[in-house]
Amino acid sequence: MRALILAGLGLSLGACATTYTHSADGGGLASAAFNYAPSSRAPVSGAGYELLGHSGWAGRLSYYDDEGDARAQLVMRYADGREVNARLDIVMPYLDGGLRQFRGADQDGRPVSVELQAGPCSSREGGTLIYFADMSIGNQTVSGCGREVGETDRWSNYLIDYLPMINLCLSDFRDRARHVSMAYTLAGGETGVRIVDLDMRTWECATREAGTQINTVRPLDAADAMFGEGDPIFVRGAMPEFGEGCYVYEAVREADGALIGAFGFDACNAGPIASLEPDVG
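These figures come from a predicted structure and were not determined experimentally.

Turning our attention to the overall build of the chain. Counting secondary structure elements, the chain contains 2 helices and 17 strands. A buried classification covers 51% of the 281 residues belonging to the chain. Across the chain, every contact between residues at least 6 apart in sequence was considered, and the portion connecting residues at least 24 apart equals 49%. For the chain, the accessible surface area stands at approximately 12100 Å², while carbon and sulfur atoms represent 49% of it.

Have a look at this one:
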């Protein structure tokens, strides 16, 4: 179970995926299989979340290894200077309902709970972060936004910025898309979206005209592999079952709870993602 938790936390995930390519027009299948190298992840003691409160508080939630068990520490400061230092357990079952949940107590013995929901959260500073953060400390509740932090800055921190281009590229694949393995900024400022199809072939969709049009769709080979690809994957408009394809899934939702999709984290370092029905894109 500990191995599953740590893998699900994204602290030692692999991005190994056997991928095949074929021509962009869908004809003439060509075999060009390859495996992505595993991605090195931030150590347990360094990975976590930066939290910014709507009322001016700020904090950091960090994972750490407690004699073989994965736990978390919350350090936060209110706008008036009060500080909270809490040791937290990861609520089981892990990612229940697609949420990251933590429970424990602070330095004064008050119960503390933290809930992180992936989605477009508008911060007090005016930016959009990738997590809604809700906390209760004793009899007080606070809310804010968060982003993942660590030695590696994951592409998923910027999902909301890339979502219009992801939608554009997925529309071109229609029901042939399985998941998005990465989105990133290309030289010149346009966007690249890597999509894995139902046959586990990987494609790069490149945009033009400020992300409003598709410029090219090309098959990829081993030379095109990128660090962090598939860590995590993103399934648009669906929330697969926990453990499908040896992945654990984190829901991505709008502020009103509407489902945007799901991040998938490889819990077995095995590669292939959850088996989804052909109509899931």
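Another point: the side chain of Ser62. Within the secondary structure, Ser62 is located in strand β4 (residues 58-66). What makes Ser62 buried here is its relative accessible area of 16%. Only 3.3 Å separates the side chain of Ser62 from the side chain of Arg60, close enough to count as a polar contact.

It is worth spelling out empty space enclosed by the protein at this point. Going through the model one piece at a time under the given rule, you end up with 5 cavities of 30 Å³ or more. Estimated volume of the second largest cavity: approximately 60 Å³. Tyr49, Arg100, Ile130, Tyr131, Glu148, Arg154, Ser156, Asn157, Glu250, Phe263 and Phe265 together form the lining of the second largest cavity. Elements that contribute at least two residues to the lining of the second largest cavity include exactly β9 (128-137) and β17 (259-266). Taken together, the residues of the lining of the second largest cavity break down into 5 nonpolar, 2 polar and 4 charged.

Right, let's talk about the state of the cysteines for a bit. Covalent bonding between the sulfur atoms of two cysteines is what defines a disulfide. Summed over the entire model, instances satisfying the criterion amount to 2 disulfides. The residue that forms a disulfide with Cys121 is Cys145, at a sulfur-sulfur distance of 1.9 Å. For the disulfide bridge between Cys121 and Cys145, the dihedral angle about the S-S bond is near -70 degrees, and by the sign convention the bridge is left-handed. With Cys121 in strand β8 (residues 111-122) and Cys145 in strand β10 (residues 140-149), this residue pair connects regions lying 24 residues apart in the sequence. Paired by a disulfide, Cys169 and Cys205 hold their sulfur atoms 2.1 Å apart. What sets the handedness of the Cys169 and Cys205 disulfide is the S-S torsion sign, and at about -75 degrees it is left-handed.

Counting buried positions along strand β16 (residues 247-253) gives 6 out of 7 residues, so the element sits mostly inside the fold. Here 7 bridges tie β16 to β17, and the two strands are oriented antiparallel to one another. Bridged to Glu250 within β17 is Phe263. Counted between consecutive antiparallel strands, the loop separating β16 from β17 contains 5 residues, among which Gly257 sits at a positive phi close to 95 degrees.

Basis of the calculations
- Residues numbered from 1 in each chain as written.
- Predicted model: local features only at pLDDT ≥ 70, side-chain atom pairs only at ≥ 80, totals over all residues.
- Heavy atoms only, no water.
- Helix = DSSP H or I, 4+ residues; strand = E, 2+ residues; numbered from the N terminus.
- Buried < 20%, exposed > 50% of the residue type's maximum accessible area, 1.4 Å probe, protein only.
- Contact = heavy atoms within 4.5 Å.
- Areas by Shrake-Rupley, 256 points an atom, 1.4 Å probe, with all protein chains shown as cover.
- Polar contact = N/O pair within 3.5 Å; in protein donor to acceptor, adjacent residues only side chain to side chain.
- 1 Å grid on protein atoms, 1.4 Å probe; cavity = no way out; pocket = protein on both sides within 12 Å on 5 of 7 lines; lining within 4 Å.
- Points joined across faces, edges and corners; volume = space filled by probe spheres on them.
- Nonpolar A, V, L, I, M, F, W, Y, C, P; charged D, E, K, R; others polar.
- Disulfide = S-S within 2.5 Å.
- Pairing = 2+ DSSP bridges.

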